[in-house]
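Structural features, examined
Listed below, chain by chain, are the residues.
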Amino acid sequence: MNRPTNLTHAMRHMGGVRQVTGSMREWFEDLTQINRNVGGFTPQYIAVHYTANDGDTARGNANFFRSVLRNASAHLFIDEKETVKVVRLTDIAWHIGSNNPRHPAARNRNAIGIEMCSRVRQGGSRHNFEDFWIMDEVVDETVRTVRYLMNRFNIPIENVITHEIATGKRCPATHTGPNAVLWQEFLRMVEDYAPPQVTNTPEFEANVEHMVELGVINSPYYWLEREGRIPHINALLTAAIPTLDARIENGVPGVKEALDVLVDAGVINTRPAWENPDRHDPWLGQLLINIANRCINPIERMLYAEARGEGLNGLEKVFNVILNRHYHSAFPTGLYRVMFAPNQFSPVRNGMYTAARPDAVPAIRKAVINVLDGLDNSQGATFFSSLGEKRWRADPWWGGPTMTHLFNYKNHDFFARTQDIGRPIRPDS
Ligand SMILES: [Zn+2]
């Protein structure tokens, strides 16, 4: 049997028959480092596209835009099963760029791009616009997603547009040209869609909010729905948050340790199910994996960027400098805040942090664990420099009275503020 054409599709959905219900999915995150601009994004429009492929998947698209320089991208890709976030909603995706824009104000810098994965009807051709169709599941999820984004960023329905409205390109072909009636239908579905009302305890909502702030949860709607449906979900978050905070402050690594805490707290009693997320709710598994990554990965990236060639000993020294700053009242508290303080660690600015491949240097994980286990080979250093002896001695700040040179190790010279010499930094030292 032939797949439905767009027009039978349209007729089937006319008259308000079709109502989107249910809640939006959680998004899977597979971010690209190319085909986008970092920062500078203000979401004011939502532009809907189709991929013009036949049976492609959101993950396949994410993989493609992560690996191939296309000068194109989108924030979100939606297929019938998954939504994958490829570009952060604070970064600019490249989906309605044009030398000759049709819309007066919608541009890449202010439009969220959503790509619907498409299909070609049996016997049809990718070269014929009218042969494309979009599965209902994809359209419905796009409706939910658009609504979510409208609510989240205060975007009015007038600012929900097609690629065609933005630049004149026939995209999505399924909702433009002779199928324009389907775009009106789409907008009607967006307006009619009401996300399920859920009543949560304020504590649970606060917990979800906290997880969003920590960057562990991408789409709070999904989580806010779960309180009544997953036993112990709030207990899970309540137990996980202090662990997560502590790990972000102190950098203690690992999913296994997060699991230990949750088991100790009585939240989890089937540990193997959690260690094998595929057997369970995959998004909860993802949560635990994210906890581990969020805690340990930034430190490892920084060590890679600063000292990957300095051996175990040098890596440990650099991590100890970060820890010393965390304990020192003159610096921010928390390893993240130390590392991302303005104008402090150069890899944050020069891109080395982002490009870091800590998995390639096994000594990095070992250094992190050794230091967290109490190894301190820093002699109280809170600064290091790779200028080399001639240059730091000639430099008025490094070589001046404010700073005291403690020691050299390979390419780094380690320093403390002169006023700190002889004063213990860490609470236990
Ligand atoms: Zn498009």
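Keep in mind it's a predicted model, so treat the numbers as computed, not measured.

**Concerning the overall build of the chain**
- The number of helices and strands found in the chain is 17 helices and 13 strands.
- Looking at the chain residue by residue over its 429 residues, the buried ones come to 38%.
- Counted over contacts in the chain with a minimum sequence separation of 6, partners at least 24 positions apart contribute 71%.

**Quick look at the sheet that holds strand 12 (residues 403–409)**
- Here we have three strands laid out as an open sheet, ordered 11-13-12, and antiparallel in their pairing. Among the strands making up the open sheet, the edge pair consists of strand 11 (383–385) and strand 12. Within the sheet, the average angular offset between the axes of one strand and its neighbour, ignoring direction, is 30°.
- Of the strand pairs in this sheet, strand 11 and strand 13 (residues 412–417) are connected by three bridges, and their pairing is antiparallel. Opposite phenylalanine 384, over in strand 13, you have phenylalanine 414 as the bridge partner.

**Let's talk about the environment of threonine 90**
- One can find threonine 90 in the loop between strand 5 (83–85) and strand 6 (92–93).
- A tally of 11 C-beta atoms within 10 Å means that threonine 90 is categorised as exposed.
- Residues threonine 90 and asparagine 37, spaced 53 residues apart in sequence, show a C-alpha to C-alpha distance of 9.5 Å.
- Excluding residues that lie within four positions of it along the chain, threonine 90 makes contacts with Gly39 and Phe41.

**Thoughts on the nonpolar core**
- Among the nonpolar cores identified, the biggest contains 44 residues, and Ile46, Ala47, Phe77, Ile78, Ala111, Ile114 and Met116 are the most heavily contacted of them.
- In contact with methionine 116, not counting residues within four places along its chain, are Val48, His49, Tyr50, Thr51, Ile78, Ile134, Val138, Val139, Thr142 and Pro172.
- The next biggest cluster of nonpolar side chains, apart from the first, holds 29 residues, and it includes Leu303, Leu323, Ile364 and Ala381.

**Remarks on the sheet that holds strand 7 (residues 111–116)**
- The six strands lie next to each other as 1-5-4-7-3-10, forming an open sheet whose pairing is mixed. Bordering the open sheet on either side are strand 1 (28–29) and strand 10 (160–162), each of which pairs with just one other strand.
- Sitting on the sheet, helix 3 (residues 136–153) is in contact with strand 3 (45–50), strand 4 (76–78), strand 5, strand 7 and strand 10, with an inclination near 165° to strand 7.

**A closer look at helix 2 (residues 58–67)**
- Listed in full, the buried residues belonging to helix 2 are Ala58, Asn61, Ala62 and Phe65. End-on view of helix 2: buried residues confined to an arc of 100°, all on one side of the axis.
- As for helix 2, its buried residues are in contact with strand 4, strand 5 and strand 7.

**Quick notes on the confidence of the model for the chain**
- Overall, the predicted model of the chain reaches an average pLDDT of 82, with 76% of residues at or above 70.
- Scored below 50 in pLDDT, residues 1–16 makes 20 contacts in the model with residues more than four places away or belonging to other chains.
- For the stretch residues 277–282, pLDDT sits under 50, and the model shows eight contacts to residues farther than four places along the chain or on other chains.

**Structural notes on unusual backbone geometry**
- Here cysteine 171 and proline 172 are connected by a cis peptide whose omega angle stands at -10°.
- Relative to the helices and strands, proline 172 is located in the loop between helix 4 (163–167) and helix 5 (180–192).
- Within the chain, asparagine 343 stands out as a residue other than glycine whose phi angle is a positive 60°.
- Structurally, asparagine 343 can be placed in the loop between helix 13 (335–340) and helix 14 (346–350).
- Since 7 C-beta atoms lie within 10 Å of it, asparagine 343 is described here as exposed.
- In this model, lysine 410 sits at a positive phi of 50°, which is unusual for a non-glycine residue.

**Re the packing of helix 3 against helix 5**
- Their axes nearest at 9 Å, the elements helix 3 and helix 5 cross at an angle of 55°. Judged by the inter-axis angle, helix 3 sits oblique to helix 5. Crossing of helix 3 against helix 5: the hand is right-handed. Between helix 3, through Val139, Val143, Val146 and Arg147, and helix 5, the contact on the second element is made entirely by Phe186, Met189 and Val190.
- Looking at side-chain class alone, the contact of helix 3 with helix 5 contains six nonpolar, no polar and one charged residues.

**A few points about helix 12 (residues 311–327)**
- Across its 17 residues, helix 12 extends 25 Å between first and last C-alpha, which sits within 8% of the 24 Å expected from 1.5 Å per residue.
- Summarising burial for helix 12: 13 of the 17 residues are buried, a large majority.

**Focus on the pairing of strand 13**
- Within strand 13, five of the six residues are buried, leaving the element largely enclosed by the surrounding structure.
- Both strand 12 and strand 13 contribute to a ladder of six bridges, which runs antiparallel. Within strand 13, the position partnered with tyrosine 409 by the bridge is histidine 412.

**Remarks on the environment of alanine 111**
- Within the secondary structure, alanine 111 sits in strand 7.
- Separated by 22 residues in the primary sequence, alanine 111 and leucine 89 place their C-alpha atoms 9.7 Å from one another.
- With residues near it in sequence (within four places) discarded, alanine 111 still touches Tyr45, Ile46, Ala47, Ile96, Ala106 and Ala166.

**Thoughts on the pairing of strand 3**
- Counting buried positions over the six residues of strand 3 gives six, a clear majority of the element.
- Residues Tyr45, Ala47 and His49 point to one face of strand 3 and Ile46, Val48 and Tyr50 to the other, with burial holding for every one of them.
- With six bridges connecting them, strand 3 and strand 7 associate as parallel partners. Counted as the bridge partner of alanine 47 is glycine 113 from strand 7.
- Here strand 3 runs beside strand 10; their pairing, made up of three bridges, is parallel. Within strand 10, the residue paired with valine 48 across the bridge is threonine 162.

Rules used throughout
Residues numbered from 1 in each chain as written. Predicted model: local features only at pLDDT ≥ 70, side-chain atom pairs only at ≥ 80, totals over all residues. Helix = DSSP H or I, 4+ residues; strand = E, 2+ residues; numbered from the N terminus. Buried ≥ 20, exposed ≤ 12 C-beta atoms within 10 Å, placed from the backbone. Contact = placed C-beta atoms within 7 Å. Pairing = 2+ DSSP bridges. Axes fitted to C-alpha atoms, helices over the stretch in contact; angles between N-to-C directions. Core = buried A, V, L, I, M, F, W, Y, C linked by C-beta atoms within 7 Å. Arc of directions from axis to C-beta. pLDDT = per-residue confidence, 0-100. Parallel < 35°, antiparallel > 145°, perpendicular 65-115°, else oblique. Left-handed = near helix turned anticlockwise from the far one by under 90°. Nonpolar A, V, L, I, M, F, W, Y, C, P; charged D, E, K, R; others polar. Expected span 1.5 Å × (residues − 1).

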